[in-house]
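Letter by letter, the chains look like this.
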Number of protein chains: 2
Amino acid sequence: MSTEQGGERAKLSRRSLLGAASAGTAGLVVGGLARPLVSPWPEDSPAAPASAAASPTSYPFFGAHQAGVTTPVQEHLQFAAFDMLEGMGRRDLESLLRDWSEAAARITQGLEATAAGALGGDPESPPEDTGEALDLQAAGLTVTIGLGPSLFERDGVDRFELAAQRPPELEPLPPFDGDRTQVGLSHGDLGVQVCANDPQVAFHAIRNLARIALDRASIRWSQAGFGRTSRTVATQGTPRNLLGFKDGTNNILAEDDAELERHVWIPSGSKPAWLAGGTYLVVRKIEMLVEAWDREPLSSQQSIFGRAKGTGAPLSGGDEFTAPDFAAKAGGKDAIDPASHVRLAHPSNNGGVRILRRGYNYVSGVHPDRRIDAGLLFIAYQRSPSQFIALQRALATDKLNDYISHIGSAVFAVPPGASEGGFVGEALFG
Amino acid sequence: MSTEQGGERAKLSRRSLLGAASAGTAGLVVGGLARPLVSPWPEDSPAAPASAAASPTSYPFFGAHQAGVTTPVQEHLQFAAFDMLEGMGRRDLESLLRDWSEAAARITQGLEATAAGALGGDPESPPEDTGEALDLQAAGLTVTIGLGPSLFERDGVDRFELAAQRPPELEPLPPFDGDRTQVGLSHGDLGVQVCANDPQVAFHAIRNLARIALDRASIRWSQAGFGRTSRTVATQGTPRNLLGFKDGTNNILAEDDAELERHVWIPSGSKPAWLAGGTYLVVRKIEMLVEAWDREPLSSQQSIFGRAKGTGAPLSGGDEFTAPDFAAKAGGKDAIDPASHVRLAHPSNNGGVRILRRGYNYVSGVHPDRRIDAGLLFIAYQRSPSQFIALQRALATDKLNDYISHIGSAVFAVPPGASEGGFVGEALFG
């Protein structure tokens with residue numbers, strides 16, 4: 001096979017060239033090639049290919065923690081849950097995690113999935129990269145790999161000789177009031193969260209991980225997302241969910257090391273040792289009954305959330321970031337309904353429990369009854385699944401439940417980041 | 001109801017404020033508020049909310065032609081086909097087209113769907129805008145409205161007293177070899193193409209048009225798209241489809257007035273008069289068998305397309321924009337396979353027929369058999385459906401057909417643009 005920078009192909013592929021320049025850098029690569037999405041000169045065409053030209057940001061794959069947890073939330077999501085194929089054993093899983101990590105380390109730097117890539121291998125063999133991201137940059141791509149409960153034991157069978165290393169907390173989430181979870185939209189041996197600022201870069205990542213997995217694992221379910229519904233750094237504005245409300249106002253921020261250590265990262269010294277520095281990932285596919293919601297009066301919508309739709313301020317007053325005052329009265333009644341979403345979910349109502357949210361809106365066409373099929377792929381990171389479980393139980397009486405429906409559910413243990421040249425989950429195979 | 005700029009709400013809603021500033025401008029609004037997607041200063045966070053801040057471009061809704069046909073192709077698509085509800089008559093259709101046009105004229109300028117919008121109406125009534133785009137700008141939004149054959153006659157019934165005005169060419173596309181079209185992914189009384197540089201702005205548009213239509217029409221099918229697969233202006237790079245190849249190299253460009261007049265716009269003086277200045281929209285949902293394709297050798301993939309995967313150059317040599325030489329030989333054989341896609345689709349093989357393409361890639365999770373559900377929402381504009389029909393028939397022997405499957409099909413007559421204060425299709429109701 002030819003080398004990365006070799007000959008004809010390097011001339012063809014901006015992706016290869018850019019990748020070669022940025023590969024191996026340890027820090028955040030940003031700036032040099034940045035250009036405005038829209039030209040500041042009105043006589044210019046506004047039609048430059050935004051995604052291709054404007055997304056050179058890259059995040060390192062290797063590090064103490066996996067990227068994609070506290071990374072500033074990118075614009076697009078592809079989430080996929082994989083199942084190992086029947087007959088696969090411990091070495092197959094190990095090799096898959098190694099191959100995925102190698103590919104992820106490359107594509108997150110704007111490189112192709114392998115050195116040969118889409119164009120550089122034997123032309124009589126299938127390409128080693130599917131090619132649809134050839135002209136695109138890293139686009140802030142992150143790949144975050146999690147391990148599901150079934151990987152450690154399924155129906156009493158220890159398929160991968162991992163049962164002894166199973167964290168006691170890693171088990172399917174319990175049923176919650178009102179759940180309508182479907183098996184085909186839930187669970188998975190492996191969960192992969194891909195985030196990027198270009199949807200084609202995000203899809204390319206999932207597709208190439210699936211291609212690499214071909215004889216070892218298959219996709220169980222997947223979901224594309226857009227319009228991130230959280231912020232993870234203070235400079236990100238708070239986006240809106242498809243109910244029209246700001247979502248994620250009080251999220252834990254990446255700048256808040258103390259809160260991350262307290263609520264998100266599993267501390268060193270904890271058992272099992274392979275998960276120290278990792279976290280737990282909870283995914284819930286939450287369908288929103290948007291037509292029913294759109295028929296609710298504004299006053300009712302705001303009462304249900306406990307916040308003003310415009311500003312995001314709590315109904316007790318102030319601005320978006322003012323702490324809600326649950327004792328405040330308005331016209332002789334509670335300013336914030338005791339059954340409102342903001343109160344039930346608030347840390348003060350839940351013994352201080354917090355989670356790091358990272359959800360995305362989704363749209364999947366229309367249902368057979370012609371309702372819009374849309375909602376939220378809720379994604380949260382926490383050092384114990386018990387945090388999510390406690391919060392979700394507190395929402396049992398949430399008035400919002402009349403307009404949403406949990407149709408998918410999964411939990412994954414997210415190992416710490418791989419060290420340079422290593423792979424995610426390596427400590428499991430010592 | 002309060003006025004647009006009135007009081008508290010204007011302070012809350014950047015969208016309202018921006019919209020108020022740009023509403024009514026006749027030309028392209030671009031520039032003043034533009035800012036880089038990624039900061040050129042490395043010490044800045046790269047995490048500013050790109051979609052909200054970087055997309056002030058707006059295109060006028062009113063004009064000789066509808067926007068969204070020759071408009072520089074935006075990054076995201078929402079396409080929806082609607083059916084009028086049973087019992088609806090001529091006045092219901094007229095009022096719907098009027099209401100849609102009024103809303104489209106507003107939202108394409110970054111305004112809310114009505115003057116009262118999400119926050120300014122009676123708080124005890126449902127909001128008149130769903131709110132998820134409150135903080136977002138126009139994002140290059142275009143709304144393009146088409147009229148399906150069934151609107152003019154369905155099962156012999158003239159529901160809307162329009163049969164006399166039906167263009168003879170407006171009928172469902174004929175079946176083509178290999179078609180696997182599904183009724184639930186095909187047809188529609190009305191077709192709405194929404195394009196924008198922000199997926200949340202695009203979804204907001206379709207959702208609010210559906211909300212406005214609530215008692216008059218329902219969504220029959222819809223599809224989100226990303227990664228435009230064509231360019232319509234010379235400054236746009238040629239993007240790649242999900243087979244990894246550049247797609248749309250030889251598309252008609254918006255700068256090429258002569259070719260647009262010849263192939264796309266229906267000339268003044270033609271019959272029926274209400275369609276002069278309009279065009280025909282063909283939509284085909286084309287599933288791609290990506291796993292099968294990914295197993296093909298590079299040489300085979302290139303032979304099927306007739307182009308190099310990297311550069312997009314024809315296999316007869318040159319660069320992406322070199323004209324293919326179908327007589328060229330390589331190693332004693334045709335350099336470009338006579339059954340290749342580029343040759344079969346080429347104007348020189350089709351009596352000079354050209355169409356204006358505007359397709360988008362799509363991904364919809366996985367099939368029950370765990371294959372990736374992805375492909376191309378093919379969209380083309382032409383002055384006669386016969387152009388698409390001729391080209392599609394020429395592709396009957398295309399080797400690419402082994403890797404793609406046409407699963408949805410629709411055709412719509414696209415009226416000319418509305419004049420200021422008028423509505424799309426108004427000439428039908430004189």
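This one's a predicted model, so the numbers in the text were calculated from it and none came from an experiment.

Secondary structure summary: chain A contains 10 helices and 11 strands in total. The burial tally for chain A puts 57% of its 430 residues in the buried class. Within chain A, contacts between residues at least 6 apart in sequence are counted, and of these 73% link residues at least 24 apart.

Turning our eyes to something else, we now look at helix α10 (residues 385-394) of chain B. Among the residues of α10 of chain B, those classed as buried are Pro385, Gln387, Phe388, Leu391 and Gln392 of chain B. Along the axis of α10 of chain B, the buried residues cluster in a sector spanning 155°; they form a single face.

Residues and elements named next belong to chain A. Along its sequence, chain A is carved into domain 1 (1-40 + 50-142 + 190-225) and domain 2 (149-186 + 229-421). Where the side of domain 1 that touches domain 2 is concerned, the elements lending two or more residues are β1 (76-84), α4 (90-107), β3 (190-196) and β4 (217-228). Looking at the side of domain 1 that touches domain 2, the element that brings in the most residues is β4, giving 4 residues. Of the residues in the side of domain 1 that touches domain 2, the class split is 12 nonpolar, 11 polar and 1 charged.

All names here are of chain B. Counting buried positions along strand β2 (residues 142-147) gives 6 out of 6 residues, so the element sits mostly inside the fold. Both faces of β2 are covered, namely the face carrying Thr142, Thr144 and Gly146 and the face carrying Val143, Ile145 and Leu147. With 6 bridges connecting them, β2 and strand β3 (residues 190-196) associate as antiparallel partners. Across the sheet, isoleucine 145 pairs through a bridge with valine 192, a residue of β3.

Residues and elements named next belong to chain B. Summarising the element assignment, glutamine 302 is placed in helix α8 (residues 298-305). Among the residues examined, glutamine 302 registers 20 C-beta atoms within 10 Å and is labelled buried. Glutamine 302 sits 34 residues away from isoleucine 336 along the chain, and the two C-alpha atoms are 9.4 Å apart. The residues contacting glutamine 302, other than those within four sequence positions of it, are Arg307, Ala308, Lys309 and Leu315.

All names here are of chain A. Following both chains from N to C, one finds α4 and helix α5 (residues 199-213) inclined at 150°, their axes separated by 10 Å at the closest point. Taken together, the axes of α4 and α5 lie roughly antiparallel to each other. Taken as a pair, α4 and α5 cross one another with a handedness that is right-handed. Contacts from Leu96, Asp99, Trp100, Ala103 and Ile107 in α4 reach Ala205, Asn208, Leu209, Ile212 and Ala213 in α5.

Calculation notes
- Residues numbered from 1 in each chain as written.
- Chains lettered and ligands numbered in written order.
- Predicted model: local features only at pLDDT ≥ 70, side-chain atom pairs only at ≥ 80, totals over all residues.
- Helix = DSSP H or I, 4+ residues; strand = E, 2+ residues; numbered from the N terminus.
- Buried ≥ 20, exposed ≤ 12 C-beta atoms within 10 Å, placed from the backbone.
- Contact = placed C-beta atoms within 7 Å.
- Arc of directions from axis to C-beta.
- Domains from an automatic or database assignment.
- Nonpolar A, V, L, I, M, F, W, Y, C, P; charged D, E, K, R; others polar.
- Pairing = 2+ DSSP bridges.
- Axes fitted to C-alpha atoms, helices over the stretch in contact; angles between N-to-C directions.
- Parallel < 35°, antiparallel > 145°, perpendicular 65-115°, else oblique.
- Left-handed = near helix turned anticlockwise from the far one by under 90°.

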